[in-house]
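Tertiary structure, described
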Amino acid sequence: MNIEQLRADTPAVAHLIHFNNAGAALMPAPVIETMTRHIQLEANLGGYEAAGQCSAEVESVYGTIGRLINAQADEIAVIENATRAWDMAFYSLPLRPGDVVLTSTTEYAGNYIPYLQLQQQRGIEIRIMPNDEHGQVSLSSLKDMLDDDRVALISLPVIATNGGPVQPIEQIGALARAAGVLYLLDACQGVGQMPIDVQKIGCHMLAATSRKYLRGPRGMGFLYVERGLCQNLEPAFLDLHAASLQTADSFTIRPDARRFENWECNVAAKLGLGAAVEYALAQGIEPMWLRIQHLAEYLRQQLTEIPGVTPRDLGAIKSGIVTFTHRDSSAVQIQQWLAAQGKRINVTTSTCRSTMLDMQQRDLLEVSRASLHAYNTEAEIDTMIAALRQLPSV
Ligand SMILES: Cc1ncc(COP(=O)(O)O)c(C=O)c1O
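**Thoughts on the overall build of the protein chain**
A count of helices and strands for the protein chain gives 16 helices and 17 strands. Taken against the 2.2 N^0.38 rule, which gives 21 Å for 394 residues, the C-alpha radius of gyration of the protein chain at 21 Å falls within 12% of a compact globule. Side chains of the protein chain give 31 positive and 42 negative charges; the mean places of these two sets differ by 3 Å.

**Things to note about the sheet that holds strand β3 (residues 100–104)**
Strand order across the open sheet formed by seven strands is β2-β10-β9-β8-β5-β3-β4, with mixed pairing between neighbours. Edge positions in the open sheet fall to β2 (76–79) and β4 (125–129), since each of these has one partner strand only. Strand after strand, the sheet turns through a mean of 20° between neighbouring axes, direction not considered. Where β3 meets β4, five bridges bridge the pair, whose relative direction is parallel. Its bridge partner being in β4, V101 is matched across the sheet by I126. Across the sheet, helix α9 (residues 169–179) lies against β5 (151–157) and β8 (182–186), angled at about 160° from β8, the strand it touches most.

**What about the pattern of salt bridges?**
Evaluation of the coordinates by the stated rule reveals 15 salt bridges. The partner of R227 in a salt bridge is D74, with the nearest N and O atoms 2.9 Å apart. Remark: D74 occurs in the loop between α5 (55–69) and β2 and R227 occurs in helix α11 (residues 227–230); sequence separation between them is 153 residues. In this structure, the salt-bridge partner of D358 is R362, at a minimum N-O distance of 2.9 Å. Accessibility classification places D358 together with R362 in one group, the buried group. Each member of the salt-bridge network shares a partner with another, and the members are E125, R127, D148 and R150.

**Some words on the environment of H38**
Within the secondary structure, H38 is located in helix α3 (residues 29–45). According to the relative accessible area criterion, H38 is buried, its value standing at 3%. Taking the C-alpha atoms as reference points, H38 and Q72, 34 residues apart in sequence, are found 26 Å from one another. Apart from the residues within four sequence positions on either side, H38 is in contact with A50, A51, C54, V267, A268 and L271.

**With respect to the site of the ligand**
As a matter of local geometry, the ligand sits amid N81, A82, T83, Y108, I159, T161, D186, C188, Q189, T209, R211 and K212. Between the ligand and the protein, one listed contact pairs an oxygen atom with a side-chain N or O atom of T161 at 2.9 Å. Here an oxygen atom of the ligand sits 2.9 Å away from a polar atom, N or O, in the side chain of K212. Its residues assigned to classes, the shell around the ligand comprises four nonpolar, five polar and three charged.

**Comments concerning the pairing of strand β14 (residues 321–326)**
In terms of residue burial, β14 counts as a mostly covered element, since six of its six residues are buried. In β14, alternate side chains face the same way, and those of I321, T323 and T325 on one face and V322, F324 and H326 on the other are all buried. Strand direction decides the pairing type here: strand β13 (residues 309–311) and β14, joined by three bridges, are antiparallel. Each residue of the ladder has a partner; that of P311, found in β14, is F324. The pairing of β14 with strand β17 (residues 366–371) spans four bridges and is antiparallel. Looking at the pairing, I321 lines up with S371 of β17.

**A look at the environment of G163**
Along the chain, the position of G163 falls in strand β7 (residues 163–166). Assessed through its relative accessible area of 0%, G163 is described here as buried. In this structure the C-alpha to C-alpha distance between G163 and N20, which are 143 residues apart in sequence, comes to 12 Å. Each residue touching G163, except ones within four places of it in the same chain, is listed here: D313, I321 and T323.

**Some words on the domain arrangement of the protein chain**
What the domain assignment reports for the protein chain is domain 1 (3–27 + 284–389) and domain 2 (29–282). Between the C-alpha centres of domain 1 and domain 2 the distance comes to 26 Å. Taken residue by residue, the interface counts 41 residues in domain 1 and 40 residues in domain 2. The three residues of domain 1 that bury the most area against domain 2 are M27, I285 and L357, which together make up 22% of that side's buried surface. Between domain 1 and domain 2 we count zero salt bridges in total.

**As for the nonpolar core**
The biggest cluster of nonpolar side chains holds 66 residues, and the ones touching the most others in it are I69, I154, Y183, L206 and F222. Counting residues per element, this core draws most heavily on helix α12 (residues 267–283), at seven residues. Not counting chain neighbours up to four residues away, the residues in contact with L206 comprise L184, L185, A187, I196, V198, F222, L223 and Y224. Judged by nonpolar contacts, the second largest core, of 26 residues, contains L93, L95, L233 and A257.

**A few points about the sheet that holds β13**
The strands making up a sheet are joined through hydrogen bonds of the backbone, oriented either antiparallel or parallel. With antiparallel pairing, four strands are arranged side by side in an open sheet as β13-β14-β17-β16. Either end of the sheet is taken by a strand with one partner, and the two such strands are β13 and β16 (348–351). Pairwise comparison of adjacent strand axes, ignoring direction, gives a mean angle of 40° for this sheet. Its contacts with the sheet place helix α14 (residues 331–339) against β14, β16 and β17, and it is angled at close to 35° to β17.

About the criteria used
- Residues numbered from 1 in each chain as written.
- Predicted model: local features only at pLDDT ≥ 70, side-chain atom pairs only at ≥ 80, totals over all residues.
- Heavy atoms only, no water.
- Helix = DSSP H or I, 4+ residues; strand = E, 2+ residues; numbered from the N terminus.
- Rg over C-alpha atoms; globule rule 2.2 N^0.38 Å.
- Lys, Arg positive; Asp, Glu negative; His and termini not counted.
- Charge placed at Lys NZ, Arg CZ, Asp CG, Glu CD.
- Pairing = 2+ DSSP bridges.
- Axes fitted to C-alpha atoms, helices over the stretch in contact; angles between N-to-C directions.
- Contact = heavy atoms within 4.5 Å.
- Salt bridge = Lys/Arg side-chain N within 4 Å of Asp/Glu carboxyl O.
- Buried < 20%, exposed > 50% of the residue type's maximum accessible area, 1.4 Å probe, protein only.
- Near = heavy atom within 4 Å.
- Polar contact = N/O pair within 3.5 Å; in protein donor to acceptor, adjacent residues only side chain to side chain.
- Nonpolar A, V, L, I, M, F, W, Y, C, P; charged D, E, K, R; others polar.
- Domains from an automatic or database assignment.
- Buried area = accessible area lost by both parts, 1.4 Å probe.
- Core = buried A, V, L, I, M, F, W, Y, C linked by side-chain atoms within 4.5 Å.

Encoded structure:
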C-alpha cells in the first residue's frame, strides 16, 4: 500500500491523529472534490438542473457499490444512513406472531429496538445466539437453534460498534441458506474495512453506511437486497419514486431495490459515496484490511504494556476497532485527555446504551474506542501510547 499517498490524500493528518474511523473517518481528497464540485454546480445551475447534468454519474454509483460487495446495480438502494437502510429492509419483512428472530450479543441498539417494537406490535420472539469460546456467534448453537422452524430471520452486525469479533458471517450464511431462513446483515462497520462479498456470505439483505470505514460523506448509506427476494418485500413506506400511480386508485411498486429509496436525496453526498467506493476499490480492500488488522494488533500490544489498561476485544478475528478500559480513568476522561494533546488525538467512548447485551454480559458500562484505518501509522499509535502513559491520575 502507498501510505504516503493515502496520507497525502488526507490533509488533516498533518494536524490530527484520527482514531475515530468507526465514528466517521476522514474523507479523502477525491471525495471532497467530487462533493464540492457538485455543490458548486448546484449553486451555478440549480439543484434539479445540476442533478440532470450529471445523471449518468449518479446512475453509476449503484454499479460502483455493486462492485464493492459483488452485487448487481439493481440490487442496491442508496439511503440516507445505515439505520434507515436496515429499517427499510427489516420493516418490510412479513414477520408474524410467533416468528423468531435470531441475533447476536453484539447487536446494535438501533437494530435491537426495532426487534423489541415488533415484539410488542406483532408478537415476534427475539432469541440471542450464544457465543463460542472466542466470544463470537457459536455455530454449533446456531445450528441447533435453526431446528426450530419458527425461526424466520437471522440478523446481526458483521462487526459491533464497540469492537469485538468479526462474526463468522459466511458460515452463518451457509447455515441460514440450508435452513431456508432469511439473513440480514448490518455491515455498517464492515464495508470499506474488510472484504464483503454478498455472494460468498449468502446474505439476503445488507445495510451499510458511507461515513465510517468507506470514508464517504455523512448522511449517506446503502441497502443491498437480493434480486430474487426484492419483489416479494413491500417497503413500509412508499413514495412516488418507489412506486407509481397507475390510476386515481392504484399504484405499482418498482421492481428493483430502489423501491426502498425515497425521491429527495443529497446528490452531492450520493456522488461522494460513489467517489469513496471508487477510492477504496483503487486502494484494494484486501491490502487495507491487512494493514488495519496489523495496526490494530500493534495498538493492542502496546496497550497491554500500560499499567492499569485492559484491552477488551474478543474474537478469533478482530477488526480495526480497538477497545480498552483504564483502572483509574473513565473513558470520557481518556477521550478528553487525548483530544487536549498538542496534536489532537481523536478516540471515542462506546457505552452500554449502544451494545447493551454485550456490555452487560461482560460487566462493562463503557469502553474507550480507538478505531484505526489504513491511513493511520505506527508513529501515531506510539504518540497515543505516550500520551496515555502521561494520563494524570484522578
Ligand atoms: C454496528 C452499527 N450498526 C449501525 C450503525 C448505525 O449507522 P448509521 O448511523 O449510519 O445509521 C452503527 C453506527 O455507529 C454501527 O456501529
